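# Structural overview
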Amino acid sequence: MEAFALLSRGGARFNKDRFRDQVRLFETTGEASTSSDTGIGAASLPTELDFFKYASGSDTKPRSTKSKGKLPAAATSPLLGSSMLLEDAMSVDEEGSSGDESSTGRSIHRIAATGSRIPEPAGDFEILSQRYGLSQLLLDNLASNELSHPTAIQCQAVPILLEKRDLAGISPTGTGKTLAYVLPMFALLGSPLTSKDRPEAQQGTKEHGPRALIVCPTRELAGQIYNECMKLAQGRKWNILLFSKGASSSEQKKAMGKVDIVIGTPLRILAAIREEAIRLDNVRYLVLDEADNLLDTDFGKQTEEVLESCTHPDLQKCIFSATLPQVAERVAKRVLVDPVRVVVGVKDSASLNVAQTLTYCGTEVGKLFALRQLLATSPPLPMLIFVQSKERAKQLYQELLYDNLTVDQLHSDMTSKQRIESVARMRRGETWVMVCTEVMARGMDFGGIKGVVNYDFPTTVQGYVHRIGRTGRAGRTGVAVTYFTDADVPFLRPIAQMINQTHAQIPEWTLKLNKARKMKSDEKRRRKVKRDSVTKVAGGLVGRRDALRRRHGGKKEKKLSPRGGRNGARTSSSAIDASGDDGEWSGLS
DNA sequence: TCGCTTT
């Protein structure tokens, strides 16, 4: 009974007006808290993206006694010399204690930086340029890609990296982390290396192979980072290599030649090392993107092996993610040398631009029912629908195929080509609904995504944060809908709390769940739920697909496109359209 | 469970 009541209240009667209110409510609360930090009225951008707020914010605060143009090397910090352990630092940012950091602008952006000799943040690219001498070409490339103002993480991370420091950068999804490490990478590399530049050096063994390496967990993300690099690479003959399965093998063979930057997935890089197609002893700039994922138990071994292959004495390392659980933090502490740890906002928190809801659906049947209801009434399109397994992705895809919308799928059972094409259709705006596995959960930046549906309940809080972070990017708003069934209830608490923290409206009883009911293996925060097949369910939903197929005469009905081709204006960190569609990196294959 | 080499 209660189940039915909740179903109809929470999800099935999903109604546009109610929803709209939620978004508004949400935005209001979000802005209220940021404006209290700045003493400035609410603006349309979230703190971490509002650079003007940053600029004017320093006027409303007491001026720093330090001179603004002071060299960062001489900059002091409340934590100077304390050389805090990464773990120790955790308590600091949670209490929001930052000593005199209001004078540096960190508090305005809610940046917490810990470590020794922390460089001053830079409020815009001109300041950066003056301080560190960025090339005019680099500045032009930023400008021509509409990257006019740095985001919070960029303000703080770029100076740190330019001073050749190790860094752990933690910033919410969609806040421009890629550019935060790509920009200093190009600045530090200076110019592309050619054999003409250094004929003798080419002979020396130390001078082979890339000088910069970016590691990330999926091929799609690698491709996206590649595109982001190409934006700043314009005008010079940088040799940038996309190194993952699905990328061109002939291109990858060049890895031993004059290569500046390699971007790749762990296993592919290791394979290349083993077959001596690449060597990493010339790498001076190493990035682990989605670091907690790369350092977790599954990926960890591979990643550490890659790390061990980077033997250059001047190796600079940085890791980035929106989430960094303690386990990963511990590894990071071990790997990084005298690092600065930067946290924008609150660590492990969800994007404030996403309106979140949690919906009880009782059973598998209930979820399908709720989803159809959502799709039929006020779906936030385009959207991603996350499921737990590849099989379920295929099933749900098939199930939705004959509904009147353009649906697509993406999971690792598809071929490289299929995956590339699926991403391309999404980028071009041809797909309304993409059914996908965790492969799409991290880093992917389809700028126009309006909705995320957690059809299957996420197995970790981090997973939740990253999934819903596919929307609400670069200052836009988005919505996230999470379904759960009776089987998910024991695992509900941490995610329900997270949603509650961000002011979303969720069924009250989910918050009152007895703490004892939460997962036993709290350490890993993982779980296993055996799920029925999406389609193999009792009752009236069986056979629906066949009915639809008959109705459509075996053909797909003409389907509307979610967007009229291209996305509208886009802001800084949204990587996608500005550089065109898929072709850029898939074209290499 | 998912993701990640090449042959």
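Treat the numbers as computed from the prediction; the structure is a model and nothing was measured.

What follows is about the sheet that holds strand β11 (residues 407-410). Taken in spatial order, the six strands of this open sheet run β9-β14-β13-β10-β12-β11, and their pairing is parallel. Across the chains shown, the open sheet's two edge strands, defined by having one partner strand only, are β9 (354-362) and β11. In this sheet, adjacent strand axes meet at a mean angle of 20° when their direction is disregarded. Note that strand β10 (residues 383-386) and strand β12 (residues 433-436) share four bridges and pair parallel.

Another aspect to go through is the nonpolar core. Membership of the largest hydrophobic core comes to 82 residues, with the highest contact counts inside it found for Y181, M185, F186, I263 and F320. Here this core takes eight residues from helix α8 (residues 177-189), the largest share from any one element. Looking at which domains feed residues into this core, each of domain 1 (2-32 + 350-519 + 532-551) and domain 2 (125-348) supplies at least three. Listed in part, the 33 residues of the second largest apolar core include L213, A277, L280 and L295.

A few words now on the confidence of the model for chain A. A residue-level look at chain A finds 65% of positions with pLDDT of 70 or above and a mean pLDDT of 76. Note on residues 516-524: pLDDT is under 50 here. Beyond four places in sequence and across chains, it has 13 contacts. The low-confidence segment residues 538-545 (pLDDT under 50) makes twelve contacts with residues lying over four places distant or belonging to another chain.

We now examine the domain arrangement of chain A. By the assigned domains, chain A splits into domain 1 (2-32 + 350-519 + 532-551) and domain 2 (125-348). Taken together, the 22 residues of domain 1 in the interface contact 17 residues of domain 2. Sorting the residues of domain 1 by area buried against domain 2 places R419, R442 and Q462 first, and these three jointly supply 34% of that buried surface. Linking domain 1 with domain 2 are three salt bridges. In this structure, R442 and E290 form a salt bridge, with 2.9 Å as the shortest nitrogen-oxygen distance.

A word on the pattern of salt bridges. Inspection of the entire model under this criterion finds 29 salt bridges. Measuring nitrogen to oxygen at the nearest pair gives 2.7 Å for the salt bridge that ties K394 to D413. Residue K394 is found in helix α16 (residues 390-401), and its partner D413 is found in the loop between β11 and α17 (416-428); the two are separated by 19 residues along the sequence. The class of D413 is partly exposed, set by a relative accessible area of 40%. One salt-bridge network, in which partners are shared between bridges, spans E364, K367, R392, D456, D488 and R531.

Let's shift gears to the sheet that holds strand β7 (residues 316-321). Two strands in a sheet stick together by hydrogen bonds in their backbones, pointing the same way (parallel) or opposite ways (antiparallel). With mixed pairing, the eight strands of this open sheet are ordered in space as β1-β8-β2-β7-β6-β3-β5-β4. The open sheet has two edge strands with one neighbour each: β1 (111-114) and β4 (240-243). Averaged over all pairs of adjacent strands, the angle between strand axes in this sheet comes to 15°, irrespective of strand direction. Inspection of the sheet shows strand β2 (residues 167-170) paired to β7 by four bridges, in the parallel sense.

This part takes up the protein's contact with DNA strand B. Within the structure, DNA strand B sits among 20 residues, and T265, R268, Q302, S412 and T437 are positioned closest to it. When the atoms of DNA strand B within 4 Å of the protein are sorted by group, sugar and phosphate make up 63%. Residue T265 places a side-chain N or O atom 2.5 Å away from a phosphate oxygen belonging to DNA strand B. In the environment of DNA strand B, a phosphate oxygen lies 2.5 Å from a nitrogen or oxygen atom belonging to the side chain of R268. Those elements that provide at least two residues to the surface near DNA strand B are α11 (266-274) and α13 (297-309).

It is worth spelling out the packing of aromatic side chains at this point. The tally for this structure, following the rule as stated, stands at five aromatic pairs. Their ring planes at 45° and their centres at 5.3 Å tell us that Y181 and F320 sit as a pair that is tilted. With Y181 in helix α8 and F320 in strand β7, the pair connects residues that are 139 residues apart, well separated along the chain. Assessed through its relative accessible area of 0%, Y181 is described here as buried. Between the aromatic rings of F457 and F484, the centroid separation amounts to 6.5 Å while the plane-to-plane angle is 65°, which identifies the pairing as edge-to-face.

So, on to α16. Spanning twelve residues, α16 covers 16 Å between terminal C-alpha atoms, matching the ideal 16 Å at 1.5 Å per step. Listed as buried for α16 are R392, A393, L396, Y397, E399, L400 and L401.

Cut-offs and rules
Residues numbered from 1 in each chain as written. Chains lettered and ligands numbered in written order. Predicted model: local features only at pLDDT ≥ 70, side-chain atom pairs only at ≥ 80, totals over all residues. Heavy atoms only, no water. Pairing = 2+ DSSP bridges. Helix = DSSP H or I, 4+ residues; strand = E, 2+ residues; numbered from the N terminus. Axes fitted to C-alpha atoms, helices over the stretch in contact; angles between N-to-C directions. Core = buried A, V, L, I, M, F, W, Y, C linked by side-chain atoms within 4.5 Å. Buried < 20%, exposed > 50% of the residue type's maximum accessible area, 1.4 Å probe, protein only. Domains from an automatic or database assignment. pLDDT = per-residue confidence, 0-100. Contact = heavy atoms within 4.5 Å. Buried area = accessible area lost by both parts, 1.4 Å probe. Salt bridge = Lys/Arg side-chain N within 4 Å of Asp/Glu carboxyl O. Near = heavy atom within 4 Å. Polar contact = N/O pair within 3.5 Å; in protein donor to acceptor, adjacent residues only side chain to side chain. Phe/Tyr/Trp six-rings, centres within 6.5 Å; stacked < 30°, edge-to-face > 60°. Expected span 1.5 Å × (residues − 1).

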